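Descriptive analysis of the structure
Residue strings, one per chain:
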Amino acid sequence: MNLIEVISVPVSDQNAAKEFYLKIGFQLIAEAPMGDGNTWVQLGLPGQATSISLVNWFPKSPAGTLQGLVLKTDDIKKEVDGLKSKGVDVQPIDDTPWGKFASFNDPDGNGLILRQE
């Protein structure tokens, strides 16, 4: 093993989740029918190898159960301001000895965290 390639993000509505992730800076990598009425929706941040897939077919992973997906940034204040300007409810920046953090949720309640070293 040498890379985490895709992280499954459990969502209730793939289209609403896709719009949210596109709004916050992700890019659509793939969207294709998988059979059984399911659709593969894969998004990623520009220039990064690891991506996310918006899934709604894992019964043991209901929508909103992913917590702690950490997104690295070089300027957390700028990211927080940008997210807030797009209507995202971002928690105040927490300045700790191991970095600065700010958390927010996608429409289903999946927890994302911005981190600046």
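Here the structure is shown first, and the text comes after it.
None of these values were measured; they are calculated from a predicted model. (Residues numbered from 1 in each chain as written. Predicted model: local features only at pLDDT ≥ 70, side-chain atom pairs only at ≥ 80, totals over all residues. Heavy atoms only, no water.)

For the rest of this paragraph, the subject is the pattern of salt bridges. The full count for this structure, using the stated rule, is 3 salt bridges. A salt bridge links Glu-31 to Lys-18; the nearest nitrogen and oxygen atoms lie 2.9 Å apart. Here Lys-18 lies in helix α1 (residues 14-23) and Glu-31 lies in strand β2 (residues 27-35), a separation of 13 residues in the sequence. The class for Glu-31 is partly exposed, based on a relative accessible area of 37%. The class of Lys-18 is buried, set by a relative accessible area of 12%. The partner of Lys-77 in a salt bridge is Asp-81, and the shortest N-O contact between them spans 2.9 Å. (Salt bridge = Lys/Arg side-chain N within 4 Å of Asp/Glu carboxyl O. Helix = DSSP H or I, 4+ residues; strand = E, 2+ residues; numbered from the N terminus. Buried < 20%, exposed > 50% of the residue type's maximum accessible area, 1.4 Å probe, protein only.)

A separate point is helix α2 (residues 76-85). Those residues of α2 not exposed but buried are Ile-76, Val-80 and Leu-83. Projected down its long axis, α2 shows its buried positions confined to an angular sector of 65°, all on one face. Set apart from the buried face of α2 by more than 90 degrees, the exposed residues are Lys-77, Lys-78 and Ser-85. Along its buried surface, α2 packs onto β7 (99-105) and β8 (111-116). Of the residues trailing α2, Gly-87 is marked for its positive phi of about 85°. (Arc of directions from axis to C-beta. Contact = heavy atoms within 4.5 Å.)

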